[in-house]
Amino acid sequence: MSRAETFRLKRSEEIAKMHEAGRILGRCLEELAAMVRPGISTDDLDRAADTFIRQAGCIPGFLGYYDYPKSLCVSVNDEVVHGIPGSRVIRDGDLVSLDCGLILDGWWADSGCSVACGPATDEVQRLLDVTYQGLWRGIEAARPGNHIGDIGHAVQTYVEAQGFTVVRNYVGHGIGRNMHEPPQVPNYGQPGTGNLLKAGYVLAIEPMVNAGAPDVHVLDDGWTVVTDDGRLACYFEHTVAVTDEGPRVLTLRPSELAEGRNATVVAGGEPPRTAA
Ligand code: MF3
Ligand code: CO
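Residues numbered from 1 in each chain as written. Chains lettered and ligands numbered in written order. Predicted model: local features only at pLDDT ≥ 70, side-chain atom pairs only at ≥ 80, totals over all residues. Heavy atoms only, no water.

1. Remarks on the overall build of the chain
Thought 1: Looking only at helices and strands, the chain features five helices and 15 strands.
Thought 2: Its C-alpha atoms give the chain a radius of gyration of 17 Å, near enough to 19 Å, the size a compact globule of 276 residues would have.
Thought 3: Here the chain, with 276 residues, has 56% of them falling under the buried criterion.
Thought 4: Partitioning the contacts of the chain with sequence separation of at least 6, the portion at a separation of at least 24 is 70%.
Thought 5: Summed over all atoms, the accessible surface of the chain reaches about 10800 Å², with 49% contributed by carbon and sulfur.
Thought 6: Seen as two clouds, the 24 positive and the 37 negative side-chain charges of the chain have centres 5 Å apart. (Helix = DSSP H or I, 4+ residues; strand = E, 2+ residues; numbered from the N terminus. Rg over C-alpha atoms; globule rule 2.2 N^0.38 Å. Buried < 20%, exposed > 50% of the residue type's maximum accessible area, 1.4 Å probe, protein only. Contact = heavy atoms within 4.5 Å. Areas by Shrake-Rupley, 256 points an atom, 1.4 Å probe, with all protein chains shown as cover. Lys, Arg positive; Asp, Glu negative; His and termini not counted. Charge placed at Lys NZ, Arg CZ, Asp CG, Glu CD.)

Rendered as structure tokens:
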């Protein structure tokens, strides 16, 4: 993914603005996730996302980004990320990953989540739980004094201990007035490496986790990333501000708020084990 050249720390008023954008995106994704049921098409989900974003007074960030044709990415089963909505119909048992971005007064929010359509198989449920938990392990590491590599290390060690793999070809990123800003935020790495984090970093942390091998390729549509081995892939993403009080998740969905995942993650807290 490309990165803009410019990067600077965000002031607290700017983080507050990004938080406003993030709350809208959280509500949008929650609505979309609730719409996932047998018979709905990926285009239906895209239209709902586009309408929600515009009615909230925001701009759909993905639409036209490097000529991306839709306002939402929907990636099903072996699709990892960047699936383009179309006539495909969701069926019972599908693992559906939703990824969306919006702009409010020039500030970006970028987030995504995965859900099972209907009852999940054991493998789908475990992949959902581990990927979601992996995201929170990464979020917990996004605090002053840590390095970028601590985030990836936290995600990778957890995910691999559960028997799954992290995708290497795509990474998280800084975010602000551009969707993609430095630094890159890999979901793998060594502790103490990369940028030293301090208050004012805002990062999109987005673990992509495969049930099988980590290898992926892009389909002929130029966007859809799929696993080489055809096995399942899962993905979650939050936009997170590094503050002196700890990581503050700017894109919490209402259900996550209700679960008590407060804006600032308490140091050392073990996140709940179930996916939202
Ligand atoms: N969450 C994705 C990212 O971090 C979204 C990119 S899709 C695109 O890059 F269509 F906007 F490119
Ligand atoms: Co992103």
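2. Comments concerning the sheet that holds strand 3 (residues 79–81)
Thought 1: Taking strand neighbours across the sheet as the criterion, the three strands line up as 3-12-11 in an open arrangement whose pairing is antiparallel. The open sheet terminates on both sides in strands that have one partner only, identified here as strand 3 and strand 11 (216–218). Within this sheet the neighbouring strands show an average axis-to-axis angle of 40 degrees, counted without direction.
Thought 2: Two strands pair when backbone bridges link them, and strand 3 and strand 12 (residues 225–227) are joined in this way by two bridges, in the antiparallel orientation. Bridging from a neighbouring strand, E79 pairs with V226 of strand 12. (Pairing = 2+ DSSP bridges. Axes fitted to C-alpha atoms, helices over the stretch in contact; angles between N-to-C directions.)

3. Comments concerning the sheet that holds strand 7 (residues 172–174)
Thought 1: Taken together, five strands build an open sheet; the order of strands is 8-7-9-14-15 and the sheet is antiparallel. Strands with a single pairing partner mark the edges of an open sheet, and in this sheet they are strand 8 (181–185) and strand 15 (246–249). Within this sheet the neighbouring strands show an average axis-to-axis angle of 30 degrees, counted without direction.
Thought 2: Pairing between strand 14 (residues 238–243) and strand 15: four bridges, direction antiparallel. The residue of strand 15 that forms the bridge with V242 is P247.
Thought 3: Across the sheet, helix 1 (residues 12–35) is in contact with strand 9 (202–205), strand 14 and strand 15; its angle to strand 15 comes to roughly 40 degrees.

4. So, the nonpolar core
Thought 1: Ranked by size, the top nonpolar core spans 60 residues in total, and within it L98, I151, L203 and I205 carry the most contacts.
Thought 2: The greatest single-element share of this core, amounting to eight residues, is contributed by helix 3 (residues 122–140).
Thought 3: Residues C73, W107, M179 and A241 belong to the second largest nonpolar core, which totals 13 residues. (Core = buried A, V, L, I, M, F, W, Y, C linked by side-chain atoms within 4.5 Å.)

5. Description of the coordination of the cobalt ion (ligand 2)
Thought 1: Each protein donor to the cobalt ion (ligand 2) is listed here as D110 (OD), H173 (NE2), E206 (OE) and E237 (OE); together their distances run 2.0 to 2.3 Å.
Thought 2: Here E206 falls in the buried class, since its relative accessible area comes to 2%. (Donors = N, O, S within 2.8 Å, 3.2 Å for Na, K, Ca; no water.)

6. A look at unusual backbone geometry
Thought 1: Here P182 and P183 are connected by a cis peptide whose omega angle stands at -5 degrees.
Thought 2: Tracing the chain through its elements places P183 in strand 8.
Thought 3: One non-glycine residue, Y66, lies in the positive phi region at around 50 degrees.
Thought 4: Tracing the backbone shows Y66 in the loop between strand 1 (59–60) and strand 2 (72–76).
Thought 5: You can call Y66 exposed: its relative accessible area is 57%.
Thought 6: Phi at H82 is positive, roughly 65 degrees, even though this residue is not glycine.
Thought 7: Inspection of the secondary structure assignment puts H82 in the loop between strand 3 and strand 4 (95–104).
Thought 8: Note on H82: relative accessible area 14%, which makes it buried.

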